[in-house]
Amino acid sequence: MEFTALFLAIVVVMLIAWRGSRALALSLSLVVLVACAATFLHHATDTLKLSF
Amino acid sequence: MTPARAIALNVLALFALAAVLVSAFVAQFLLGELPCPLCLLQRIMFALLAIGPILNIRFGPRPSHYALSLLAAIVGAIVSARQVLLHIMPGDAGYGTTLFGYHFYTLALMAFVAAIALTALMLLFDGQFAQGHAAKTSAGPLATAAVVLVIAVTAANFASALLECGFKACADDPVAYELLKG
């Protein structure tokens, strides 16, 4: 679900970058980037089914 | 490098990013390989990479726009490197099919590293920033097409992720679209 939300957020940021305010686009891009890093770190601590 | 030349290279970058995202879709629909969570995150980072070029085309080249792309590429490289390392043990068949002998996450790592290098190369040329805020011009049809294409492909990824995961956590090894299950 979080991946779906991130894609939607990026579409919104792209539209703002193309048609809206530069400052808002930059700020939201950084927010989305932090959210991506947080999502990665959250999943990086999942227990893995090891293949060996 | 003039601002116009820099913008032309940014347009090329957008077409390249769109091609990467479209090739991921080709693997998904032609080979039936649904993207795993790490795969989705790499697609997300490729999409985020595109925001820098979009800003460069709209507002003129600025170091901050390239910095955004650099940060996205660094995070993307970390994500794809993790997936490479998860399957690095001898005897591990890897995840998904290969293209030119490399798994998609390996190709993604190469692409993110290339993006870091190319963005850094672009930053070498100060001439593109010379006009400052006056560099903002109306985008030509090719630039507009590149921006529209990359937004459309990202929107398609949103729809695909929604169909695949539904309204719950995405499966670690997805084999079906959750929202299309009877």
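In what follows, the structure referred to is the one given above.
Residues numbered from 1 in each chain as written. Chains lettered and ligands numbered in written order. Predicted model: local features only at pLDDT ≥ 70, side-chain atom pairs only at ≥ 80, totals over all residues. Heavy atoms only, no water.

Enquirer: Before we move on, can you summarise the interface of chain B and chain A with the specific residues and values?
Expert: With 47 residues of chain B at the interface, the matching set in chain A holds 32 residues. Between chain B and chain A, roughly 3400 Å² of surface is buried when both sides are summed, and carbon and sulfur atoms account for 81% of that area. On the surface where chain B and chain A come into contact, there are zero salt bridges. Elements supplying a minimum of two residues to the side of chain B that touches chain A: helix H2 (37–49), helix H3 (51–59), helix H4 (63–86) and helix H6 (141–165) of chain B. It is H6 of chain B that provides the largest number of residues to the side of chain B that touches chain A, a total of eleven residues. Per-class residue counts for the side of chain B that touches chain A are 34 nonpolar, six polar and seven charged. (Contact = heavy atoms within 4.5 Å. Buried area = accessible area lost by both parts, 1.4 Å probe. Salt bridge = Lys/Arg side-chain N within 4 Å of Asp/Glu carboxyl O. Helix = DSSP H or I, 4+ residues; strand = E, 2+ residues; numbered from the N terminus. Nonpolar A, V, L, I, M, F, W, Y, C, P; charged D, E, K, R; others polar.)

Enquirer: Requested: an account of empty space enclosed by the protein, with residues and values cited.
Expert: All names here are of chain B. This model, assessed by the stated rule, comprises one cavity of 30 Å³ or more. When its volume is computed, the largest cavity comes out at roughly 30 Å³. Around the largest cavity, the lining residues are Glu 164, Cys 165, Ala 169, Cys 170, Ala 171, Ala 176 and Glu 178. (1 Å grid on protein atoms, 1.4 Å probe; cavity = no way out; pocket = protein on both sides within 12 Å on 5 of 7 lines; lining within 4 Å. Points joined across faces, edges and corners; volume = space filled by probe spheres on them.)

Enquirer: An account of helix H1 (residues 3–30) of chain B is requested, with residue identities and associated values reported.
Expert: With 28 residues, H1 of chain B should cover 40 Å at 1.5 Å per step; its first-to-last C-alpha distance of 40 Å lies within 8% of that length. Count one or two residues on from H1 of chain B and you reach Gly 32 of chain B, which has phi positive near 70°. (Expected span 1.5 Å × (residues − 1).)

Enquirer: Kindly report on unusual backbone geometry, identifying the contributing residues and their values.
Expert: The general pattern is negative phi for most residues beyond glycine and trans for most peptide bonds. Residues and elements named next belong to chain B. Its identity as a non-glycine residue notwithstanding, Phe 100 has a phi of 60°, on the positive side. Position of Phe 100 relative to the elements: it lies in the loop between strand S1 (98–99) and strand S2 (102–103). What makes Phe 100 exposed here is its relative accessible area of 73%. (Buried < 20%, exposed > 50% of the residue type's maximum accessible area, 1.4 Å probe, protein only.)

Enquirer: So what about the environment of Ala 130 of chain B? Which residues, and what values?
Expert: Residue and element names in this part refer to chain B. Topologically, Ala 130 is positioned in the loop between helix H5 (104–122) and H6. When its relative accessible area of 66% is taken as the criterion, Ala 130 is described as exposed. Between the C-alpha atom of Ala 130 and that of Ile 78, which follows or precedes it by 52 residues, the distance is 33 Å.

Enquirer: Can you tell me about the nonpolar core, naming the residues and giving the values?
Expert: Grouped together as the largest cluster of nonpolar side chains are 58 residues, with contacts concentrated most on Met 14 of chain A together with Ile 44, Met 45, Leu 48 and Ile 51 of chain B. Listing elements by their share of this core, those giving two or more residues are helix H1 (2–19) and helix H2 (22–44) of chain A together with H1, H2, H3, H4, H5 and H6 of chain B. Leave out the neighbours within four places in its chain, and Met 14 of chain A touches Ala 47, Ala 50, Ile 51, Ile 54, Val 150, Ile 151 and Thr 154 of chain B. (Core = buried A, V, L, I, M, F, W, Y, C linked by side-chain atoms within 4.5 Å.)

Enquirer: Got a sec to walk through the state of the cysteines? Specific residues and values, please.
Expert: Throughout this description, disulfide means a covalent bond between two cysteine sulfur atoms. For the coordinates displayed, the defined rule picks out two disulfides over all chains. In this model, Cys 36 of chain B is linked to Cys 39 of chain B through a disulfide, with the two sulfur atoms separated by 2.4 Å. The disulfide joining Cys 36 of chain B to Cys 39 of chain B has a torsion of about 80° about its S-S bond and is therefore right-handed. For the pair formed by Cys 36 of chain B and Cys 39 of chain B, the shared burial category is buried. Residue pairing for Cys 165 of chain B: its cysteine sulfur links by disulfide to Cys 170 of chain B, the two sulfurs lying 2.0 Å apart. Its torsion about the S-S bond being 100°, the disulfide of Cys 165 of chain B and Cys 170 of chain B is classed as right-handed. The class for Cys 170 of chain B is buried, based on a relative accessible area of 10%. What links to what in chain B: the bonded cysteines, counted in sequence order, pair as 1-2, 3-4. Left unpaired, Cys 36 of chain A is separated from the closest cysteine sulfur, that of Cys 170 of chain B, by 13 Å. (Disulfide = S-S within 2.5 Å.)

Enquirer: Could you give an account of the side chain of Ser 80 of chain B, naming the residues involved and the relevant values?
Expert: All names here are of chain B. Take Ser 80: it is sitting in helix H4. Note on Ser 80: relative accessible area 0%, which makes it buried. Aside from chain neighbours lying at most four places away, what touches Ser 80 is Gln 42, Tyr 105, Ala 108, Leu 109 and Phe 112.

Enquirer: Break down the packing of aromatic side chains for me, with residues and values.
Expert: Residues and elements named next belong to chain B. Tallied over the full model, the rule gives three aromatic pairs over all chains. Consider the rings of Phe 25 and Phe 29, whose centres lie 5.4 Å apart with planes at 15°: the pair is stacked. Note that Phe 25 and Phe 29 are positioned in helix H1 at a spacing of four residues, about one turn of the helix. Geometrically, the ring pair formed by Phe 46 and Phe 112 is stacked, given 4.1 Å between the ring centres and 15° between the ring planes. With Phe 46 in helix H2 and Phe 112 in helix H5, this pair connects stretches of sequence that are 66 residues apart. (Phe/Tyr/Trp six-rings, centres within 6.5 Å; stacked < 30°, edge-to-face > 60°.)

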